Amino acid sequence: MSARLLYVMDPMCSWCWGFAPVAQALIAQARDAGVETHLVPGGLRTGSSALDASTRGYILDHWQAVNTATGQPFTLEGAMPEGFVYDTEPACRALVAARGLDVERTWILLAAIQQAFYQGGEDVTLAPKLVELAEKAGYERGLFAERFASADVRSATASDITWVQDLGIAGFPTLLAERNGQLALLTNGYQPLESLSPLLGRWLQQAACA
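This structure is a prediction, so every number in the text was calculated from the model and none was measured.

What counts, and at which threshold
- Residues numbered from 1 in each chain as written.
- Predicted model: local features only at pLDDT ≥ 70, side-chain atom pairs only at ≥ 80, totals over all residues.
- Heavy atoms only, no water.
- Core = buried A, V, L, I, M, F, W, Y, C linked by side-chain atoms within 4.5 Å.
- Buried < 20%, exposed > 50% of the residue type's maximum accessible area, 1.4 Å probe, protein only.
- Helix = DSSP H or I, 4+ residues; strand = E, 2+ residues; numbered from the N terminus.
- Contact = heavy atoms within 4.5 Å.
- 1 Å grid on protein atoms, 1.4 Å probe; cavity = no way out; pocket = protein on both sides within 12 Å on 5 of 7 lines; lining within 4 Å.
- Points joined across faces, edges and corners; volume = space filled by probe spheres on them.
- Nonpolar A, V, L, I, M, F, W, Y, C, P; charged D, E, K, R; others polar.
- Disulfide = S-S within 2.5 Å.
- Pairing = 2+ DSSP bridges.
- Axes fitted to C-alpha atoms, helices over the stretch in contact; angles between N-to-C directions.

Description of the nonpolar core
Counting residues in each nonpolar core, the largest one holds 64 residues, and the members touching the most others are Trp63, Tyr86, Leu109 and Phe144. Sort the elements by how many residues they give to this core and helix H1 (residues 14–32) lands first, with nine residues. Among all residues touching Trp63, those that are not within four sequence positions of it are Ser14, Phe74, Thr75, Leu76, Ala79, Met80, Tyr86, Phe117 and Tyr118.

Structure, rendered in structure tokens:
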């Protein structure tokens, strides 16, 4: 019997940042039961042009709503300054590169990217910033930079995003439970821990008995 969780998300998705403490608790709950979690970057959005004032305002209103709903901290002042291009592919690719080098440190890098973007107001679409965060997370700087820029990691990132789209996942965060190749949906969108922990617990119990 094989079982694992699949956490489908985007490091630049505000609801995923809001969900971060819940995800951490659920991942720990599953690990305590001997079930690991596989991180799948889903690719929230790609962009080739800078945000206009209206779109920026809409996004910041959304961030405020996530803060109100989840309590996760956001720094709104100075966020996404003029000229910012909201392209989440580089941050997703950083996670894919990290996953291939050291799975455990991938979770450290994820948290670092989210904190840098939502609390630090840093531009995590830039390769030098992502390499810097990866080094702080414990990756060897040169090796990570090489992997991040490689064709293999670009292809793997595109494959992850395509897999998510083909599965019909339209929103993040999404948490799937996989047992013997069969997928069960635990959540599509934010839910509090008190709702999801019992649900995961029942699935883990069934998986243990299978």
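Read on, since the account is not over.
What to know about the layout of surface pockets
In this structure, the largest pocket encloses a volume near 300 Å³. In terms of lining residues, the largest pocket is bounded by 19 residues, among which Cys13, Ser14, Leu44, Arg45 and His62 are the most central. At the level of secondary structure, the elements contributing two or more residues to the lining of the largest pocket comprise H1, helix H2 (53–70) and helix H7 (151–166). The biggest single contributor to the lining of the largest pocket is H2, with four residues. Broken down by class, the residue content of the lining of the largest pocket amounts to 12 nonpolar, six polar and one charged. Reported here for the second largest pocket is a volume of approximately 220 Å³. Lining the second largest pocket we find 14 residues, and of these Ala23, Gln24, Ile27, Trp107 and Leu110 sit closest to its centre. Those elements that provide at least two residues to the lining of the second largest pocket are strand S1 (3–9), H1 and helix H4 (103–118). Looking at which element gives the most residues to the lining of the second largest pocket, the answer is H1, with seven residues.

Brief notes about the state of the cysteines
For the structure shown, the criterion picks out zero disulfides. Cysteine Cys13 shares no disulfide, and the gap to the nearest cysteine sulfur, in Cys16, comes to 3.1 Å.

Topic: the sheet that holds strand S3 (residues 174–179)
Strands pair in a sheet through their backbones, by hydrogen bonds, and they do so in one of two ways: parallel or antiparallel. Spatially, S2-S1-S3-S4 is the arrangement adopted by the four strands of the open sheet, whose pairing is mixed. Looking along the sheet, the strands with just one partner apiece sit at the ends: strand S2 (37–41) and strand S4 (182–188). Pairs of neighbouring strands in the sheet enclose a mean axial angle of 25°, with direction left out of account. Two elements, S1 and S3, share six bridges in a ladder whose sense is antiparallel. If you follow Leu6 over to S3, its bridge partner there is Leu176.

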